[in-house]
Amino acid sequence: MKLLLIEDDQQLTSALQPLLRDAGYALEIADNGIDGEFLGNELQPDLIILDLGLPGKSGLDVLRSWRASGNRTPVLVLTARDAWHERVDGLKAGADDYLGKPFHTAELLARLEAIGRRQSGNASNELSWNGVRLDSERQQAHTPDGRVIDLTGIEFRLLRYLLQHPRDVHSKTRLSEHVYEEDLQRDSNVMEVYINRLRQYFGKDFIHTRRGQGYQLAAEQSG
Ligand code: CA
């Protein structure tokens, strides 16, 4: 899942970076409102953390301009402590959630997970499809026949993305954009290797290949 963090506090950014990456997010960072607004449109992130007090352009103005132009990406705004009006303004401008500074990182991660679940229309704690369940906290997958698989970072991000969009057809390019970090070697052909690894875990029919289009999870089986 691609996460854009727009925050000018370098110390906070450096502290959050490893935590968010460990939690399985492909992280992009902007440290001002102008770059942040641009990247929020350009990178098509799955989630955005937006500080409201930003140089260049305020977080509220950035959010308003995204919403006005039809950008519906889920946004969690970071507000100053005790500034209740910022929370109200943020929600009115189209934020999906807010968190006041300073915050516990565990709460940030839980809120991001919750936004991600709401986004995929899945209110339960776990993502699942055709008997395969993903435990995001442990980065483990449970197979229909009861095996538990420890996933690598990329396997985890790939499976989570597929489970969050279980009916979509995904091109290799799209998948690699959502699974890798920007600037790292993003070879979409390597995606095939990871797709095949998931097939080894969950059965070759778990993910179908759509010739010329990409990959799609097998249709949901009843029962
Ligand atoms: Ca700030």
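On a predicted model such as this, the values are computed, not experimentally measured, just so you know.

Would you explain the domain arrangement of the protein in this entry?
When the parts come together, some accessible area is lost, and that loss is often what is quoted as the size of the interface. If you check the domain split of the protein, you get domain 1 (2-119) and domain 2 (127-217). Computed over C-alpha atoms, the centres of domain 1 and domain 2 are 26 Å apart. On the side of domain 2, 14 residues touch domain 1, which itself brings 14 residues to the contact. Buried area between domain 1 and domain 2, summed over both chains or domains, comes out near 1000 Å², and the portion from carbon and sulfur atoms is 35%. When the buried surface of domain 1 facing domain 2 is broken down by residue, Lys-2, Gly-24 and Ala-26 rank first, second and third, together holding 36% of it. For the pair domain 1 and domain 2, the interface holds one salt bridge. Among the salt bridges present, the one from Glu-113 reaches Arg-160, with a minimum N-O distance of 3.5 Å. Across the contact surface, domain 1 and domain 2 share three residue pairs in polar contact (both at pLDDT 80 or more). Elements that contribute at least two residues to the side of domain 1 that touches domain 2 include exactly α1 (10-22), β2 (26-30) and α5 (105-119). With three residues, the top contributor of residues to the side of domain 1 that touches domain 2 is β2.

I tried to follow the side chain of Gln-139 on my own but got confused; where do I start?
Structurally, the position occupied by Gln-139 is in the loop between β7 (132-135) and β8 (140-142). If sequence neighbours within four positions are ignored, Gln-139 has contacts with Asp-22, Ala-23, Gly-24, Ile-149, Asp-150, Leu-151 and Phe-156.

Teacher, can you tell me more about the coordination of the calcium ion here?
In ideal tetrahedral geometry, four donors around a metal make angles of 109.5 degrees, whereas ideal octahedral geometry with six donors gives angles of 90 or 180 degrees. Each protein donor to the calcium ion is listed here as Asp-8 (OD), Asp-51 (OD) and Gly-53 (O); together their distances run 2.2 to 2.4 Å. For the calcium ion, the donor residues sit on a single chain with the sequence spacing D-x42-D-x1-G. Here the residue Asp-8 occupies a position in the loop between β1 (2-6) and α1, and Gly-53 occupies one in the loop between β3 (47-51) and α3 (59-68), the gap between them amounting to 45 residues.

Would you take a moment to explain empty space enclosed by the protein for this structure?
Taking a probe equal in size to a water molecule and rolling it over the atoms shows the remaining empty space. Counted under the stated rule, the structure contains one cavity of 30 Å³ or more. Taken as a whole, the largest cavity spans an internal volume of roughly 70 Å³. When contributions to the lining of the largest cavity are tallied by element, the ones reaching two or more residues are α5 and α6 (153-164). In terms of residue count, α5 provides more of the lining of the largest cavity than any other element does, four residues in total. Considered class by class, the residues forming the lining of the largest cavity number four nonpolar, four polar and four charged.

Hey, could you run me through the sheet that holds strand β9 (residues 148-150) in this one?
Sheets are built from strands that pair by backbone hydrogen bonding, the pairs being arranged parallel or antiparallel. What the four strands build is an open sheet, ordered β6-β7-β8-β9; its pairing is antiparallel. Two strands close off the open sheet at either side, each with one partner strand: β6 (127-129) and β9. Averaged over all pairs of adjacent strands, the angle between their axes in this sheet comes to 20°, without regard to strand direction. As judged from the three bridges shared by β7 and β8, these two strands associate in the antiparallel manner. Paired with Leu-134 across the strands is Ala-141, a residue of β8. On top of the sheet, α6 reaches β6, β7, β8 and β9; it is set at about 70° to β6, its chief contact.

Procedures and definitions
Within any chain, residue numbers begin from 1 and follow the written order of that chain's sequence. In keeping with the predicted nature of the model, local features appear solely for residues at pLDDT of at least 70, side-chain atom pairs appear and are counted solely at 80 or more, and the whole-chain, interface and lining totals rest on all residues. Note that the side-chain values use all heavy atoms of the structure and ignore hydrogens as well as water. Domains are outlined according to an automatic or database domain assignment. What makes two residues a contact is simply this: any of their non-hydrogen atoms within 4.5 Å. By buried area we mean how much accessible surface two parts lose on assembly, using a 1.4 Å probe and totalling the loss over both. When a carboxyl oxygen of Asp or Glu is within 4 Å of a side-chain nitrogen of Lys or Arg, the pair counts as a salt bridge. Distance and chemistry together define a polar contact, namely a pair of N or O atoms within 3.5 Å, with one atom able to donate a hydrogen and the other to accept it when in protein, and with adjacent residues in sequence counting only for side-chain atoms on both sides. Helix and strand labels come from DSSP, where a helix needs a run of H or I of at least four residues and a strand needs a run of E of at least two; each type is numbered from the N terminus. Here the term donor refers to an N, O or S atom within 2.8 Å of the metal (or 3.2 Å for Na, K and Ca), and because water is left out of the atoms, sites may appear incomplete. Every definition here rests on a 1 Å grid over the protein atoms only: cavities are sets of points where a 1.4 Å probe fits but cannot get out, pockets are open sets enclosed by protein on both sides within 12 Å along at least five of seven lines, and lining residues have some atom within 4 Å of a point. Grid points are joined across faces, edges and corners, and a volume is the space filled by probe spheres set on the points. Three residue categories are used. Nonpolar comprises Ala, Val, Leu, Ile, Met, Phe, Trp, Tyr, Cys and Pro, charged comprises Asp, Glu, Lys and Arg, and polar comprises the others, including Gly. Note on pairing: two strands pair once DSSP finds at least 2 bridges between them. All axes are obtained by fitting lines to C-alpha atoms, using only the stretch in contact for helices, and the reported angles, taken between N-to-C directions, cover 0 to 180 degrees.

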